[in-house]
Amino acid sequence: MTVPVLPRLRVRTLAAPPVPDLFDLLPPDVDAASVVSWVREGSGLIGWGRAASSRTADGGRGGPDRFATAAQWWRDVVAGAEVVDEVDLPGTGLVAFGSFAFAPGSPDGGGLVVPRVIAGQHDGKAWVTSIEDLDLSTAADTEPGVSDPAPTDPAEGAPAAPDLLPAPGEAQSEPARGIRLLPGAVAPPDWPRVIRAGIARIAAGEVDKVVLARDVVAAADAPIETVDVLRRLADRYGATWTFAVDGLVGATPEMLVRLQHGRVRSRVLAGTVRRDRTPAPSVTEAHPELEDAHTPDPRLRFVSDAKELEEHQFAVRSVAEALAPHCAALEVPEEPFVLELPDVYHLATDISGEASDDATSLDLAAALHPSAAVCGTPSEAAARVIAELEGMDRGRYAGPVGWLDASGDGDWGIALRCGQLSADARSMRLFAGGGIVAASDPESELAETEVKLAAMRHALGLGS
Ligand SMILES: C=C(O[C@H]1C=CC=C(C(=O)O)[C@@H]1O)C(=O)O
């Protein structure tokens, strides 16, 4: 196996004027595969170009050690970097973006990538970070959007923020043309059969819950524009995290873990209903205040549906148990709330605590992965059932995706509602799955995957 070269990075973050839309800052001629994003409700980080990557020339670094290998690489990169940060906010200074394979055996293990330019904004403050590899600065200077030669002193000649950015509004979203959706590993009519096989494994006592996912291939006549996909996702799914790393693009509603100044948070999702679902699940005695059978609000019925609550509790427990060794004063609400997205309602629980060791956000993401929201319970048996029944490699779908800074703070979501762009950008594999418990209905589970695919259909300009 080849090992990644350890770069010597020079990093400078400067204040910049806030912009109405971060995606306007992406240069029109940007290499789409290098675009990174972590944006929610107009705030967050985007980046482009490549200053360094933990991925090797032979692809990803898979295996059970994929997180530990990337974490060590990051420690070494941080130790060797020269950083001047004039803004000092979460997401400033040296930052890496990452995404990791769901399964250790996946050929695309994933890893960390440090862009050449990162633009960020939060709470009315904006900044731009330039990053160069001191050993490769001549080649890197030719990347789009990076217009200034390499400075020699990090405290002096670094490029000023405006030089790094294209004029806002240069890039415009084009409607997608000539995109067809083709069956993936399992055609839709066959999906209920796979779900039935999953339910049989639950009945046999092998697992309590298993999350089964399928893929759909979007084939395009012309290259799919990552930037257009990101814009559509951010416009319609503002409350989710719009992400892109190494061609994996999506809008996830699920925050696996956020570590910021010693505070740990996680948003657990599991349990889904379509927003227009009828008939709505019935009310049980778990929520006597909702027993008005005439209540028209499906959210109220949803929070007391026994099957959805059971599926959700498996996921909450798996996250709480994985965080417990790293946190003091872990707060786990007893009941979920309903998260509203444009196409679905999810049962959601926000868990929080104080970090009690020096685990970085990436270490915590590794400890939490795979949660029962994307794998099942018990985890190992569920992963085996997934490998046997899905008939596909998930790649980086359902793996951790996000960023971390030099201190180890950062955000890691679960790569859901997403697609993997092919190397030639002419196709994208879209993914959607759902948690299966004993009471699951195979036909409803097919419908649930269709509704979860709506985000990426919309992102490709195919309607929802
Ligand atoms: C596996 C997916 O969703 C997970 C996250 C939220 C709700 C889920 C559910 O209700 O099954 C899944 O656990 C997916 O979107 O592909």
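Definitions and limits used
- Residues numbered from 1 in each chain as written.
- Predicted model: local features only at pLDDT ≥ 70, side-chain atom pairs only at ≥ 80, totals over all residues.
- Heavy atoms only, no water.
- Helix = DSSP H or I, 4+ residues; strand = E, 2+ residues; numbered from the N terminus.
- Buried < 20%, exposed > 50% of the residue type's maximum accessible area, 1.4 Å probe, protein only.
- Contact = heavy atoms within 4.5 Å.
- Areas by Shrake-Rupley, 256 points an atom, 1.4 Å probe, with all protein chains shown as cover.
- Domains from an automatic or database assignment.
- Buried area = accessible area lost by both parts, 1.4 Å probe.
- Salt bridge = Lys/Arg side-chain N within 4 Å of Asp/Glu carboxyl O.
- Nonpolar A, V, L, I, M, F, W, Y, C, P; charged D, E, K, R; others polar.
- Pairing = 2+ DSSP bridges.
- Near = heavy atom within 4 Å.
- Polar contact = N/O pair within 3.5 Å; in protein donor to acceptor, adjacent residues only side chain to side chain.
- Axes fitted to C-alpha atoms, helices over the stretch in contact; angles between N-to-C directions.
- Parallel < 35°, antiparallel > 145°, perpendicular 65-115°, else oblique.
- Left-handed = near helix turned anticlockwise from the far one by under 90°.
- Phe/Tyr/Trp six-rings, centres within 6.5 Å; stacked < 30°, edge-to-face > 60°.
- Lys NZ or Arg CZ within 6 Å of the ring centre and 35° of its normal.
- Core = buried A, V, L, I, M, F, W, Y, C linked by side-chain atoms within 4.5 Å.

(A) Highlighting the overall build of the protein. Scanning the protein from terminus to terminus reveals 11 helices and 23 strands. For the protein, the residues scored as buried account for 56% of the 464 residues in total. Long-range pairs, those at least 24 residues apart, make up 73% of the contacts in the protein with a sequence separation of at least 6. When the accessible surface of the protein is split by element, carbon and sulfur atoms take 53% of a total near 18000 Å².

(B) Examining the domain arrangement of the protein more closely. Domain annotation of the protein identifies domain 1 (9-164) and domain 2 (179-459). Each partner contributes to the interface: domain 1 provides 40 residues, whereas domain 2 provides 46 residues. Contact between domain 1 and domain 2 buries roughly 3500 Å² in total, counting both sides, with carbon and sulfur atoms accounting for 62%. A per-residue breakdown of the area domain 1 buries against domain 2 is headed by Trp38, Arg40 and Phe102, which together make up 26% of the total. The tally of links between domain 1 and domain 2 comes to five salt bridges. Here arginine 396 makes a salt bridge to aspartate 108, at a shortest N to O gap of 3.0 Å. Split by residue class, the side of domain 1 that touches domain 2 holds 25 nonpolar, seven polar and eight charged.

(C) Seen up close, the pairing of strand β9 (residues 125-133). Of all nine residues in β9, eight are buried; the element is thus mostly enclosed. For strand β8 (residues 117-122) and β9, the ladder comprises six bridges, and the chain directions are antiparallel. For alanine 119, the partnering residue across the bridge sits in β9 and is valine 128. If you look at the hairpin formed by β8 and β9, you'll find two residues sitting between the two strands, and aspartate 123 has a positive phi there, around 55 degrees.

(D) Local environment of the pattern of salt bridges. Under the definition given, this model contains 27 salt bridges. Among the ionic pairs, aspartate 411 bridges to arginine 258, the shortest N-O distance being 2.7 Å. Highlighted residues: aspartate 411 in strand β21 (residues 410-414) and arginine 258 in strand β14 (residues 255-260), separated in sequence by 153 residues. The exposure class of arginine 258 is partly exposed, given its relative accessible area of 25%. Counted as one network, the salt bridges with shared partners bring together Arg50, Arg55, Asp108, Asp246 and Arg396.

(E) Structural context of the site of the ligand. Around the ligand there are 18 residues in total, and Thr272, Ala373, Tyr397, Arg417 and Gly435 lie nearest to it. Alanine 373 is positioned with one of its backbone polar atoms (N or O) 2.5 Å from an oxygen atom of the ligand. Glycine 433 is positioned such that a nitrogen or oxygen atom in its backbone is 2.8 Å from an oxygen atom of the ligand. Within the complex, the protein chains bury 100% of what would otherwise be the 390 Å² of accessible surface of the ligand. Of all the secondary structure elements, the ones that give two or more residues to the shell around the ligand are β15 (263-274), β23 (427-436) and α10 (442-452). Of the residues that constitute the shell around the ligand, the class distribution is seven nonpolar, six polar and five charged.

(F) Fine view of the packing of helix α4 (residues 191-203) against helix α9 (residues 379-389). For the pair α4 and α9, interaxial distance at closest approach is 11 Å and the crossing angle is 150 degrees. When the axis of α4 is compared with that of α9, the two are roughly antiparallel. Here the hand of the crossing between α4 and α9 comes out right-handed. Here α4 contributes Val194, Ala197, Gly198 and Arg201 to the contact with α9, which in turn contributes Val385, Glu388 and Leu389.

(G) How the structure looks around the packing of aromatic side chains. Within this structure, the stated rule accounts for five aromatic pairs. Considering the side-chain rings of tyrosine 397 and phenylalanine 431, the 4.9 Å spacing of their centres and the 5 degrees angle between planes classify their relative orientation as stacked. Taken together, the residues span a long stretch of sequence, with tyrosine 397 in the loop between α9 and β20 (400-405) and phenylalanine 431 in strand β23 at a distance of 34 residues. You'll find tyrosine 397 and phenylalanine 431 in the same group, each marked buried. Members of the aromatic cluster, joined through ring pairs, are Phe67, Phe100 and Trp412. Above the plane of the ring of phenylalanine 102 lies arginine 394, whose end atom (NZ or CZ) is 4.2 Å from the centre.

(H) Layout of the nonpolar core. Of all hydrophobic cores here, the largest spans 86 residues; its most connected members are Leu9, Phe97, Leu112 and Val114. With seven residues, the top contributor of residues to this core is helix α7 (residues 306-323). Both domains that furnish three or more residues to this core are identified here as domain 1 (9-164) and domain 2 (179-459). Every residue in contact with phenylalanine 97, bar those within four places of it in the chain, is listed here: Val36, Ser37, Trp38, Leu45, Gly111, Leu112, Val113, Pro115, Ile118, Val245, Gly402 and Trp403. Counting residues in each nonpolar core, the second largest holds 37 residues, with Val128, Ile224, Val227 and Ala432 among its members.

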